[in-house]
Amino acid sequence: MGAALEVEVLKLRRATAPRVAALAVAVGVPALGAAFMAVARADGESQMAAKVRPMLVGTGWEAYLTMIGQVLSVGVLLAVGVVVCWSFGREFTDGTFGSLFAIPTARRDIALAKATVLLGWGLGLCVATVVIAVPLGVLTGVGAPGEGMVAGVVRTLVVGGLMVVLSLPLALVASMHRGYLPGIAGLLGIVVVTQIVTVAGAGTWFPYAAPGLWAGMGGPEAAAAVGVPHLLLALPVGLGGAVATAWWWGRAEAI
Amino acid sequence: MTTAHPSSLLRAHRLARAFGTEPAVTGVDLRVAAGEIHALVGLNGAGKTTLMRLLLGMLQPDSGRATLHLGPDGTDVRDAPAATWRGVGHLVESPFLYAELTVTETVRAAARLRGLPAHEARQATDRVIADLALEHWARRRCRTLSLGNRQRVGLACAVVHRPSLLVLDEPTNALDPAGVLRVRRHLVEAAGRGVGVLVSSHHLDEMARIAHRITVMHRGAVIGTLPPQGADLERQFFDMVYAAEGVDPREPEPVAEVS
């Protein structure tokens, strides 16, 4: 699988879509999180402040980093999800899927290499987001790094990492429907269903909602209701999606 | 495990495939021998591309099978191991081409996926880029290439690992006359080294110049062969097609272009 990994890394490095997505997450998420914090800390009574304040969990660094985690939970799913759809769906849209037949590298291994590279790239994005968020927090007056920061960093990375894993099943949608646009339609569907399930109060057991709730998106009470089993559901869903995609790639025809 | 003519590299055994109720390939037998350029000709929709896809495992047959004979034993293409596929190169419809990669990166990526170690892939890439006169575009991104140069890059990817068997679907249809000559020379040289080549083309005269055998397909079936050195191949071809259609050639029905 080494050659497939090498080729997928090269394609990811050279393409525009992953660069734009990376910029949106690594820069956009900390900027948005810091802006929300500034709105929440201000004394104003704006509608925005009224909406943001209930999302705060704790104070200081804990509050700031959980806010980053909440924004990251949505941002990662959208950004990494789009790149997952592009990476798999383009092979059909561009007509290159057929050229991956009748070669020594199995298509199953190429699909697994794509998933592995995207997983590593997505996790790297989460780390980059935190690396940018911490100095931004210092600059915007959260305070000197200290109490609550380590726990906040860990929580943010876990939330981001789980959402990266959860973006992998979109590869199956993009592959089975032979294009990235159906995958992106599936991504939008997931966002809508997550919203509905969360509003209905069943978000803790819905893998796409649990990380965001744990990060405080539904307030401190909803965050406390999310436990390890709820979060761990992301792993069989996400990794199962990647394995199912590899299986499908191994059996599909080049129609 | 199967047995075949000692020099056969690829065989189709009663291969058949339909798309819904539309038969695309109907019980085709075919053989490609080492050192042979075997041309497939037929009208548009005759089943040439579908046959090539079946031979490469891109499609599953409804019945019959395709076997590769690149080692001591033959293997069904559905079970062929990686080592067997390393001996195969192909360009069927869309080439292995990624818009964001340069020509050199594309060909090198193709070489790596076709089993060449990194250092060999670099050398093989430089060699094939020179062979197909792609040096001028070597550092260009593929998205900037003309259709003809994309086709040449696709061909470079198909041959970079020096396969023993080549399956090429209309490899020259977008090329200028100089490009056609270069590809023709490349195929003749490959066959001279013992490579078996299965190639489809629009151009009967081009096939007549390089092919050792010409097989005619019509409506998914093989309807005959043409002598490569024969006279007036186009007339012979249409006589064969009209006979298959049951049409009197003295009162010809409108027939689509040769492909």
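Residues numbered from 1 in each chain as written. Chains lettered and ligands numbered in written order. Predicted model: local features only at pLDDT ≥ 70, side-chain atom pairs only at ≥ 80, totals over all residues. Heavy atoms only, no water.

With respect to the overall build of chain B
For step 1, the next point in the chain: Secondary structure assignment for chain B yields eight helices and 10 strands.
For step 2, the next point in the chain: Taking 2.2 N^0.38 as the reference for a compact globule, 259 residues should give roughly 18 Å; the C-alpha atoms of chain B span a radius of gyration of 18 Å, in line with that estimate.
For step 3, the next point in the chain: When its C-alpha atoms are laid out on the principal axes, chain B stretches across 60 × 45 × 35 Å.
For step 4, the next point in the chain: In the structure as shown, chain B presents an accessible area of about 11100 Å², 48% of it carried by carbon and sulfur atoms.
For step 5, the next point in the chain: Measuring between centres, the 30 positive side-chain charges of chain B sit 8 Å from its 28 negative side-chain charges. (Helix = DSSP H or I, 4+ residues; strand = E, 2+ residues; numbered from the N terminus. Rg over C-alpha atoms; globule rule 2.2 N^0.38 Å. Areas by Shrake-Rupley, 256 points an atom, 1.4 Å probe, with all protein chains shown as cover. Lys, Arg positive; Asp, Glu negative; His and termini not counted. Charge placed at Lys NZ, Arg CZ, Asp CG, Glu CD.)

Things to note about the confidence of the model for chain B
Where the model shows low pLDDT, its predicted coordinates should not be examined in detail.
Residue and element names in this part refer to chain B.
For step 1, the next point in the chain: Averaged over chain B, the pLDDT score is 90; the fraction of residues at 70 or greater is 93%.
For step 2, the next point in the chain: Below pLDDT 50 for its whole length, residues 1-6 participates in 12 contacts with residues either more than four positions away or in separate chains.
For step 3, the next point in the chain: The ipTM for the predicted assembly is 0.90, set against a pTM of 0.92. (pLDDT = per-residue confidence, 0-100. Contact = heavy atoms within 4.5 Å.)

Some details on the packing of aromatic side chains
Residue and element names in this part refer to chain A.
For step 1, the next point in the chain: Here the structure, examined in full by the defined rule, presents 12 aromatic pairs over all chains.
For step 2, the next point in the chain: Centre to centre, the rings of Phe92 and Phe97 are 4.5 Å apart; their planes meet at 35 degrees, and the pair counts as tilted.
For step 3, the next point in the chain: Relative accessible area serves as the criterion here: at 12%, Phe92 is assigned to the buried category.
For step 4, the next point in the chain: Where Phe97 meets Trp249, the ring centres are 5.1 Å apart and the plane angle is 85 degrees; that geometry is what we call edge-to-face. Separated by 152 residues along the polypeptide, Phe97 in the loop between helix 4 (60-93) and helix 5 (107-139) and Trp249 in helix 12 (residues 234-251) bring together distant segments of the chain.
For step 5, the next point in the chain: Using a relative accessible area of 0% as the deciding quantity, one classes Trp249 as buried. (Phe/Tyr/Trp six-rings, centres within 6.5 Å; stacked < 30°, edge-to-face > 60°. Buried < 20%, exposed > 50% of the residue type's maximum accessible area, 1.4 Å probe, protein only.)

A word on the sheet that holds strand 8 (residues 196-200) of chain B
Residues and elements named next belong to chain B.
For step 1, the next point in the chain: Strand order across the open sheet formed by six strands is 6-7-8-3-9-10, with mixed pairing between neighbours. A strand with exactly one partner marks an edge of an open sheet, and here the two such strands are strand 6 (88-91) and strand 10 (221-226). Averaged over all pairs of adjacent strands, the angle between strand axes in this sheet comes to 20 degrees, irrespective of strand direction.
For step 2, the next point in the chain: When strand 3 (residues 37-42) meets strand 8, the two strands line up parallel, connected through four bridges. Along strand 8, the bridge assignment pairs Ala39 with Val199. (Pairing = 2+ DSSP bridges. Axes fitted to C-alpha atoms, helices over the stretch in contact; angles between N-to-C directions.)

Some remarks on the pattern of salt bridges
Residues and elements named next belong to chain A.
For step 1, the next point in the chain: What the rule picks out here adds up to 15 salt bridges over all chains.
For step 2, the next point in the chain: Note that Arg90 is salt-bridged to Asp94, the shortest N-O span being 3.3 Å.
For step 3, the next point in the chain: Assessed through its relative accessible area of 36%, Asp94 is described here as partly exposed.
For step 4, the next point in the chain: Within this structure, Glu8, Lys11, Glu91 and Lys114 form a network of salt bridges that share partners. (Salt bridge = Lys/Arg side-chain N within 4 Å of Asp/Glu carboxyl O.)

A closer look at the interface of chain A and chain B
For step 1, the next point in the chain: Counting from both sides, the interface comprises 25 residues of chain A and, opposite them, 27 residues of chain B.
For step 2, the next point in the chain: Roughly 2400 Å² is buried in total at the junction of chain A and chain B, and carbon and sulfur atoms are behind 58% of that figure.
For step 3, the next point in the chain: Linking chain A with chain B are four salt bridges.
For step 4, the next point in the chain: Across the pair Glu105 of chain B and Arg14 of chain A runs a salt bridge, and its minimum N-O distance is 2.5 Å.
For step 5, the next point in the chain: Connecting chain A to chain B are nine residue pairs in polar contact (both at pLDDT 80 or more). (Buried area = accessible area lost by both parts, 1.4 Å probe. Polar contact = N/O pair within 3.5 Å; in protein donor to acceptor, adjacent residues only side chain to side chain.)

Quick look at the state of the cysteines
All names here are of chain A.
For step 1, the next point in the chain: For the structure shown, the criterion picks out zero disulfides over all chains.
For step 2, the next point in the chain: Here Cys126 is not disulfide-linked; the sulfur of Cys85 is the nearest cysteine sulfur, at 17 Å.
For step 3, the next point in the chain: The buried category is assigned to Cys126, whose relative accessible area is 1%. (Disulfide = S-S within 2.5 Å.)

Concerning a nonpolar patch on the surface
Residue and element names in this part refer to chain A.
For step 1, the next point in the chain: Taken together, the side chains of Leu23, Val27, Val127, Val131, Ile132 and Leu157 define a hydrophobic patch exposed on the protein surface, amounting to about 490 Å² of accessible area.
For step 2, the next point in the chain: For the nonpolar patch, the secondary structure elements donating two or more residues are helix 2 (16-41) and helix 5.
For step 3, the next point in the chain: In terms of residues, the nonpolar patch owes the most to one element, helix 5, which gives three residues. (Patch = residues over 30% accessible without salt bridge, like charges linked within 9 Å, V, L, I, M, F, W, Y side chains within 5 Å.)

Side note on the packing of helix 4 of chain A against helix 5 of chain A
Residue and element names in this part refer to chain A.
For step 1, the next point in the chain: Relative orientation of the contacting elements helix 4 and helix 5 amounts to 150 degrees, with a least axis distance of 10 Å. One element, helix 4, and the other, helix 5, form an angle in the roughly antiparallel class. Considering only the axes of helix 4 and helix 5, their crossing is right-handed.
For step 2, the next point in the chain: Across the contact of helix 4 with helix 5, the residue classes break down as 19 nonpolar, four polar and two charged. (Parallel < 35°, antiparallel > 145°, perpendicular 65-115°, else oblique. Left-handed = near helix turned anticlockwise from the far one by under 90°. Nonpolar A, V, L, I, M, F, W, Y, C, P; charged D, E, K, R; others polar.)

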